[in-house]
Amino acid sequence: MESAKLATWDYEAWRSNAKCRDTDPGWFFPVGVTGDAEIQIRRVKEFCALCPVSLECLEFALRTNQEYGIWGGKDEEERRMIRRIRRVQRRTRVAS
């Protein structure tokens with residue numbers, strides 16, 4: 001079960017390999033979802049797509065319930081959807 005695994009800021013040292021390690025963290029927390037923020041979101045997601053540890057980053061965000069910002073190339077709504085899918089999958093496994 002994923003939630004039983006240790007989730008810390010630098011679990012298995014993934015963050016030291018992150019492409020964003022020397023980038024302004026504010027860039028990953030756009031204000032809004034339209035206009036300039038929409039452009040920023042697209043650029044951040046493109047940046048994350050080139051990161052060698054984007055999956056670890058995303059998993060960290062999911063396990064620690066990061067509500068804001070872009071983590072592992074996924075925005076808030078995309079992470080909510082992943083959490084919903086995982087809940088359904090867990091229920092399905094338990095029920096079978």
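Below: a short report on this structure.

The secondary structure content of the protein amounts to three helices and zero strands. Shown N-terminal to C-terminal, the secondary structure of the protein runs as helices and strands in the order α-α-α. Within the protein, the proportion of its 96 residues that are buried is 28%. With an accessible surface of roughly 6,700 Å², the protein has 55% of that area assigned to carbon and sulfur atoms.

A pair of packed helices is captured by two measures, namely the crossing angle of their axes and the spacing between those axes. Look at helix H2 (residues 54-63) against helix H3 (residues 76-95): their axes get within 10 Å of each other, and the N-to-C directions meet at 70°. Relative to H3, the element H2 is oriented roughly perpendicular. Taken together, the residues of H3 that come into contact with H2 (itself represented by Leu58, Glu59, Ala61 and Leu62) are Arg79, Ile82, Arg83 and Arg86. When its residues are assigned to classes, the contact of H2 with H3 shows four nonpolar, no polar and four charged.

Ring pairs (aromatic) are described by centroid distance and by the angle formed between their planes. This structure, assessed with the given rule, holds six aromatic pairs. Relative to Trp71, the ring of Phe60 has its centre 5.7 Å away and its plane inclined at 40°; by these criteria the two rings are tilted. Taken together, the residues Phe60 in helix H2 and Trp71 in the loop between H2 and H3 connect sequence positions 11 residues apart. Overall, Phe60 belongs to the buried group, its relative accessible area being 8%. Through a chain of ring-to-ring contacts, three or more aromatic side chains come together here, namely Trp14, Phe29, Phe60 and Trp71.

Bringing the nonpolar core into the picture now. Counting residues in each nonpolar core, the largest one holds eight residues, listed as Trp14, Ala18, Cys51, Val53, Cys57, Phe60, Ala61 and Trp71. Not counting the four nearest positions on each side in its chain, Val53 is found in contact with Trp14, Asn17 and Ala18. Listed in part, the six residues of the second largest apolar core include Phe28, Ile41, Val44 and Ile70.

Calculation criteria
Residues numbered from 1 in each chain as written. Predicted model: local features only at pLDDT ≥ 70, side-chain atom pairs only at ≥ 80, totals over all residues. Heavy atoms only, no water. Helix = DSSP H or I, 4+ residues; strand = E, 2+ residues; numbered from the N terminus. Buried < 20%, exposed > 50% of the residue type's maximum accessible area, 1.4 Å probe, protein only. Areas by Shrake-Rupley, 256 points an atom, 1.4 Å probe, with all protein chains shown as cover. Axes fitted to C-alpha atoms, helices over the stretch in contact; angles between N-to-C directions. Parallel < 35°, antiparallel > 145°, perpendicular 65-115°, else oblique. Contact = heavy atoms within 4.5 Å. Nonpolar A, V, L, I, M, F, W, Y, C, P; charged D, E, K, R; others polar. Phe/Tyr/Trp six-rings, centres within 6.5 Å; stacked < 30°, edge-to-face > 60°. Core = buried A, V, L, I, M, F, W, Y, C linked by side-chain atoms within 4.5 Å.

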